[in-house]
Amino acid sequence: MAPIAAGGTAVLPRHVAIIMDGNGRWAKKRHLPRIAGHRQGVEAVRRVSRAARAMGIEALTLYAFSSENWRRPEDEVSDLMGLLRLFIRTDLDEMANENVRLRVIGDYRRFSADTVKLVDDAIARTASNTGPILVIALNYGAQAEIAAAARRLAEKVRDGVIDPSAIDEAAIEAELDTSDLPPLDLLIRTSGEVRLSNFLLWQAAYAELLFVETLWPDFDAATLADAIGTFGSRQRRFGGL
């Protein structure tokens, strides 16, 4: 359970992001093919996204496919794309009915045309929803995101739209993929790995970081509640005293 703050309200992060790691190790421990771990990982996405909604978390961002994941074997990439399409087809009705707004960050247009259309249609169908936001990071890399933001600002300077002196942290944030999301409060990585792997590097500047041993397919509502409890127990000073 999340801790209770003074005044009787639960201490909740507005925006939680998760690096979903450990599908392959989950499968290996059970002498199963990697795709079995990815399938169970999709089940974990369902569990955790529902739990986050029930807790009242405004935005949940999941690192589903990084820009470096193209280095994996072609058949594994194909399996991952297939699971993405299956997830959208099977869960879109629930998201629409639950007032969830689906967002995607990253350059997902590199995917196949049918996948791009499926994602575009899902985003459009939930665009007017006003409830929790489920953000899927697809072909996402934080360094590329920041570089793209810098290019857009450079173009505005070149075109006389802004003066270089006007470029500050807020100007950069406005150009990021996450500009319309609440500030990132909590970033979780599963499976015991302790690194950010090019995920939300700018946004994580003052986020609380939590690295847990749980493999992603085993992550559930109770694990999320424990993470939220840890978040609530921390003192966030944002550089102050």
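What comes next concerns the included structure. (Residues numbered from 1 in each chain as written. Predicted model: local features only at pLDDT ≥ 70, side-chain atom pairs only at ≥ 80, totals over all residues. Heavy atoms only, no water.)

### So, the side chain of S49
Now for step 1: For S49, the position within the fold is in helix α2 (residues 34-55).
Now for step 2: S49 sits in the buried class, given a relative accessible area of 8%.
Now for step 3: Of note is the side chain of S49, whose polar atom sits 3.1 Å from the backbone oxygen of R46.
Now for step 4: S49 has contacts with L60 and L134, leaving out every residue within four places of it along the chain. (Helix = DSSP H or I, 4+ residues; strand = E, 2+ residues; numbered from the N terminus. Buried < 20%, exposed > 50% of the residue type's maximum accessible area, 1.4 Å probe, protein only. Polar contact = N/O pair within 3.5 Å; in protein donor to acceptor, adjacent residues only side chain to side chain. Contact = heavy atoms within 4.5 Å.)

### Regarding the sheet that holds strand β6 (residues 208-211)
Now for step 1: Spatially, the six strands line up as an open sheet ordered β3-β4-β2-β1-β5-β6, and their pairing is parallel. Every interior strand has two partners, whereas the edge strands, β3 (101-105) and β6, have only one. Ignoring strand direction, the axes of neighbouring strands in this sheet form an average angle of 20 degrees.
Now for step 2: Here strand β2 (residues 59-66) runs beside strand β4 (residues 133-140); their pairing, made up of seven bridges, is parallel. Bridge pairing in β4 places Y63 opposite A137.
Now for step 3: Where α2 meets the sheet, its contacts fall on β1 (15-19), β2 and β4, and the angle it forms with β2 comes to roughly 160 degrees.
Now for step 4: Relative to the sheet, helix α7 (residues 221-233) contacts β1, β5 (186-189) and β6, its axis offset from that of β5 by approximately 135 degrees. (Pairing = 2+ DSSP bridges. Axes fitted to C-alpha atoms, helices over the stretch in contact; angles between N-to-C directions.)

### Remarks on helix α3 (residues 74-97)
Now for step 1: Taking 1.5 Å per residue as the helical rise, α3 with its 24 residues ought to reach 34 Å, and the 35 Å between its terminal C-alpha atoms agrees with that figure.
Now for step 2: Its axis deflected by about 50 degrees at D91, α3 carries its strongest bend there.
Now for step 3: The first or second residue beyond α3 is N99, which carries a positive phi of 65 degrees. (Expected span 1.5 Å × (residues − 1). Bend = angle between axes of the 7 residues up to and from the residue.)

### Side note on the side chain of E208
Now for step 1: Structurally, E208 is set in strand β6.
Now for step 2: Residue classification places E208 among the buried positions, given a relative accessible area of 15%.
Now for step 3: Contacts of E208, omitting those with residues within four sequence positions, involve D185, L186, L187, F231, R234 and R236.

### Side note on the pattern of salt bridges
Now for step 1: Per the counting criterion, the structure on display carries 21 salt bridges.
Now for step 2: In this structure, R72 and E76 form a salt bridge, with 3.1 Å as the shortest nitrogen-oxygen distance.
Now for step 3: Given the relative accessible area of 31%, R72 is considered partly exposed.
Now for step 4: For E76, a relative accessible area of 7% gives the class buried.
Now for step 5: With a closest N to O distance of 3.7 Å, R101 and D180 form a salt bridge. Of this pair, R101 sits in strand β3 while D180 sits in the loop between α6 (169-173) and β5; the two residues are 79 residues apart in sequence, bridging distant segments of the chain.
Now for step 6: With relative accessibility at 18%, the residue R101 sits in the buried group.
Now for step 7: The class of D180 is partly exposed, set by a relative accessible area of 41%.
Now for step 8: Taken together, the shared-partner salt bridges in this structure form one network comprising D21, R25, R189, E193 and R195. (Salt bridge = Lys/Arg side-chain N within 4 Å of Asp/Glu carboxyl O.)

### Overview of the packing of α2 against α7
Now for step 1: Between α2 and α7, the shortest axis-to-axis distance is 9 Å and the interhelical angle comes to 50 degrees. Between α2 and α7, the interaxial angle falls into the category oblique. Relative to α7, α2 is oriented so that their crossing is right-handed. Residues V48, A51, A52 and M55 of α2 lie in contact with α7, whose contacting residues are A221, L224, A225 and I228.
Now for step 2: The residue makeup of the contact of α2 with α7, split by class, is eight nonpolar, no polar and no charged. (Parallel < 35°, antiparallel > 145°, perpendicular 65-115°, else oblique. Left-handed = near helix turned anticlockwise from the far one by under 90°. Nonpolar A, V, L, I, M, F, W, Y, C, P; charged D, E, K, R; others polar.)

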